[in-house]
Each structure stands twice: as structure tokens, then as C-alpha cells.
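Here's the letter readout for the chains.
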Amino acid sequence: MTVAPEDLAEYGRDWTRVYDPAPAAIVFPRTTDEVAAFLRLCSEHGVAVVPSGGRTGLSGGAVAANGEVVLSLARMNKIFPVDLLSSTVRVQAGAITQAVHEHCAPLGLTWPIDFASKGSSHVGGNISTNAGGQRVIRYGLTRNWVNGLQVVTIGGDILELNGSLQKNNTGMELSQLFIGTEGTLGIITEATLRLTSLPIHTELFFFATSSLAASLELLKHTKLNGPFTILTFEYLTNDCLESVLKFSQRKSPFASAAHSYILLEVECAESAEQKQKLDEWMQIALENDLIVDGVLAHSHEERNDLWALRELVSESLAAQGLVYKNDIALPIAKLDEFATEMQALLSSNYPHLKLFLFGHLGDGNFHVNFLKPPQMEKSEFLDICHAADTEMFETVRKFGGSVSAEHGIGLLKKAALSYSRTPAELAIFRQIKKALDPQNLLNPGKIFD
Ligand SMILES: Cc1cc2nc3c(=O)[nH]c(=O)nc-3n(C[C@H](O)[C@H](O)[C@H](O)COP(=O)(O)OP(=O)(O)OC[C@H]3O[C@@H](n4cnc5c(N)ncnc54)[C@H](O)[C@@H]3O)c2cc1C
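Residues numbered from 1 in each chain as written. Predicted model: local features only at pLDDT ≥ 70, side-chain atom pairs only at ≥ 80, totals over all residues. Heavy atoms only, no water.

**A closer look at the sheet that holds strand S8 (residues 187–194)**
Spelled out, the test is: The pairing criterion for strands is at least two bridges between them, as found by DSSP. A helix here means a DSSP run of H or I that spans at least four residues, while a strand means a run of E at least two residues long, and both kinds are numbered starting from the N terminus. To get an axis, fit a line to the C-alpha atoms, keeping to the stretch in contact for a helix; angles then go from 0 to 180 degrees between the N-to-C directions.
Taking strand neighbours across the sheet as the criterion, the four strands line up as S4-S8-S6-S7 in an open arrangement whose pairing is antiparallel. Single-partner strands in this sheet number two, and they are strand S4 (88–92) and strand S7 (158–161). For this sheet the average axis-to-axis angle between neighbouring strands, irrespective of direction, equals 15°.

Here you go:
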């Protein structure tokens, strides 16, 4: 346990820098039994607990701003041997996402949850946020890749939910309750993860496009005619690219700037015939103005360089100051209309907000980021962002979207939840919370009050 001020400041927050951390203490259990004993004590004494993973969350879910005790899973990071027969691996919740990848890769297997923060995020955090990332278009969300969970309730009961079973049709699958509920119902201490084969051969393209509409046409062409399986279809505007280039001292792969860019990774065969098919597919994209320019990575270094152009967007913006983030999902067919309305709204009502738009276009997921102008006070900036949110979320609702695609609700998006959930749904949320955490001690105030 620690109460050192620097630890309280560090472990009391996540990647959002909106809330001031103020936890009472940080505890670092090493075993599930220690977690259970600690939660029993908290339950007896009415102590609120904030579960903490790698603290890369973008919604304030792991923030402890009200004297809670932070329960960090950082010391529970064991990764057990891969079960080759069932293609699963058992891990403790504090295992780092990338460490799981590295553990499984020599066996030709992977846990396909992949994003820029994988070097810090924990499996427990990924599961608690039902994380998405760059490969959702191919593999879906984290939920699809969890066979079983070990969860400790606030009363100290240790639940073994589903073990490593692929099939178990015996009533309610309780493990699903703890996936994506941001530590509000129980502490995940271990998980049995489903694995899949690593792609045998991949190609990585970076395309310049003349508009969002063209990028979406490229997505259609890619889905319909691409001689490959899509692994990643990521989008960023030129403002995002400029931010990355400045931050990382890199050069654009293109001679002139375009409206936006697509990072496309595909799995395909490695042959002369395949290369010809790829060339033909790209030629059609060029002839139909779906792309204005494009590059293909030819080496490991070039791959890393192209990936960096997308993966460094968040980091490059954060380096410039306070970033206000939204993470919305829309039907893919509505993305262009939404972006047009959004731009019009910003120009007319919020001219001080500079928009940085990027995200997982292939999943209908936009990250809508605003950077605080240097001369503006933080409180004024946040007030403007909240006002813009209200109008933007109305548009999201109108188009049948969601106010949180993959980052969760936490503290940051709590006020927006009613745009995506009905009163009847919220009433069920509250009943489930009450059943599992009657004293409201587990991550109180997160997702809903
Ligand atoms: C640069 C960058 C890029 C990112 N890209 C993506 C992306 O593409 N897709 C995406 O989905 N997310 C992305 N994220 C967000 C973040 O990395 C994910 O939400 C990640 O899953 C959080 O994991 P974590 O271990 O850091 O969780 P934390 O931030 O520590 O916690 C997240 C939530 O889970 C709870 N929690 C943590 N561990 C447990 C546990 N063991 N039991 C119960 N509850 C627990 C916390 O209380 C909190 O509510 C990105 C973040 C950054 C900084």
C-alpha cells in the first residue's frame, strides 16, 4: 500500500487530464485471495474502491477524485502457458496487453486486441472497457475474445465464470456482465482469453483521399473488390497528420497534403499473382478518384513509420495541451452526413474549437477531438466543449449512433448516457448494480449515479 503524494497523483488518474486525482491510498494485491480479503474489509467499513489497470482509459473510469482507495492490479500480471488444444491463454488481470501478444506470437497465435496504448494497458482494463481498437473490422470487440473470467465481488466472493469453455449453455452467462462495465460490478482478477492465428502475410497501405466521402467510397471498393481480408481501415484528417508530423519530426509520405488519409492493412497471399491483383484493385481506386495518392510499406521500418502516422495522433495532440475527446459510433452510411453537420455546427456556434477527426472508419467509429486554444482558460474551454457536446449528441442520436463507441462512459460521458440508453435500460442498469454492489462501493459515480 502507498499513500505517497506522487503515487496518489499518478494512480488516481487515467489518460484524461480533466479531473484532479484525490485517492486516499493505493493498494497493490498480489493474489486473488488478497483482493477478496481487501474487498471484504471495504465492504465491512463502507470504503469506496476504484479498480485500476494501466490507466490508459480515455473516459475517467479509473479516476479516483473523491478519497476512494485505488486497487491496482499492476502486481497481478502473470501470463500462464498457452493451451494449444483449446487455443486459449489464462492471464492475471494486470497482464500488459502487448506482453500477451509477445507471449503468444512464437506459437503463431495472438489475442487480437490491438491499439496504440497496448504497451501500457492491462487485460483487465481491456475487458472492463470492452476495448475496440484497430482490428475490430476483422475480429470484433474484446468481448468476443474472452472465454472465462475470475471475478471478486465487493463481498469478497470469488466467482469462476465459465473457465475456458467454448460452450456452456447453462443459463445466464454472468461473465458478460463484467465485460464493458468499467469495474462497477466486480474486480476482474484473471481471464481465459481466446486466441486466433496470427496473419501469415500482411500488406500495409497509406492512401491520401480527397474527402471523407471518397474515403468511404474506398471502404466500399475495399470491402467489395479487395483481393484480401481487411485487418484495419483507419482514418485521419490532414490536421491530425500535421500534428503527428510535427510531434514526431517525421516527413509526410506524400509530396502534397490531401484532405484525409486511410491506413489500410490487409491479410493476403504472398505471390506474383496476388501482387498483380492488388495492383489492379489499386488502379481502379485511382481511376475512380477514390484515392489521390498511395504508398505501400516495403520493410519492417516502413511499416512502423506508416503505423506511427495513425497511432501517434492522440499522443501528438496531448503534447500540445488539453484535449477534449469524444468517441462516437454511427452507422457507416451516416458518417459523411454527420461530419458535414458537425463542421457546420462548429463553424457557426463554436468557431474557437479546432476539430481533429480520426478513428476506426471501417467500424463507423469517429474520435472527435478538440484542442484547448493556448490563451483560453481550462474552465471556459470545458464549458464550450460541453455545450458543443449537447448539440453533437443530438445529431448522433438523430443518426442512430452511440455517444461512446469503445472508450466507455466513466466520468467523462456520464451526462451523455441518456442520448444512447433509454430510461428503461438505465433502470435495469441500476437494479443490476444494486444486486451486485448494494452499498455502491465499486467505482462509485462511474457510468451513472
Ligand atoms: C494513445 C491511446 C490510444 C487508445 N486507443 C484505443 C483504441 O483504439 N480503442 C480502445 O478501445 N481504447 C483505446 N484507448 C483507451 C484505453 O487504452 C482502453 O480503454 C484500455 O482498454 C484501457 O485499459 P487500462 O488497463 O489502461 O484501463 P484503465 O484506464 O486502468 O481502466 C479502465 C476502466 O476499467 C476499470 N478496470 C481496470 N482494471 C480492472 C479490473 N481488473 N477489474 C475491474 N475493473 C477494472 C477501471 O476502473 C476503469 O473503469 C487508447 C488510449 C490511449 C492513451
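**Examining the nonpolar core**
Note the cut-off: Buried Ala, Val, Leu, Ile, Met, Phe, Trp, Tyr and Cys residues form a nonpolar core when they are joined through side-chain atoms within 4.5 Å. Residue exposure (1.4 Å probe, protein chains only): buried if accessible area is under 20% of the type maximum, exposed if over 50%, otherwise partly exposed. Per the annotation, domain bounds derive from an automatic or database assignment of domains. Contacts are residue-level and defined by heavy atoms, with any inter-residue pair within 4.5 Å sufficient.
Counting residues in hydrophobic clusters, the biggest one holds 57 residues, and the most contacted among them are Leu 264, Phe 366 and Phe 370. The element that contributes the greatest number of residues to this core is helix H12 (residues 378–398), accounting for eight residues. Looking at which domains feed residues into this core, each of domain 3 (202–314) and domain 4 (321–406 + 420–424) gives three or more. Contacts of Phe 366, omitting those with residues within four sequence positions, involve Leu 212, Tyr 235, Asn 326, Asp 327, Ile 328, Leu 330, Leu 335, Phe 338, Ala 339, Leu 357, Phe 358 and Leu 361. Val 35, Ala 95, Ile 154 and Leu 442 belong to the second-largest nonpolar core, a separate cluster that totals 44 residues.

**Details of the domain arrangement of the protein**
The condition that has to hold: By definition, the buried area sums, over both parts, the 1.4 Å-probe accessible area that each loses when the two are put together. Any carboxyl oxygen of Asp or Glu that lies within 4 Å of a side-chain nitrogen of Lys or Arg is treated as forming a salt bridge with it.
Domains assigned within the protein are domain 1 (5–72), domain 2 (88–197), domain 3 (202–314) and domain 4 (321–406 + 420–424). One C-alpha centre belongs to domain 3, the other to domain 4; they are set 25 Å apart. Each partner contributes residues to the interface: domain 3 has 17 residues there, and domain 4 has 16 residues. Roughly 1300 Å² of surface becomes buried between domain 3 and domain 4 when both sides are summed, with 67% attributable to carbon and sulfur atoms. The largest share of the area that domain 3 buries against domain 4 comes from Leu 212, Leu 216 and Tyr 235, three residues that together contribute 35% of it. Seen at the junction of domain 3 and domain 4, the total is one salt bridge.

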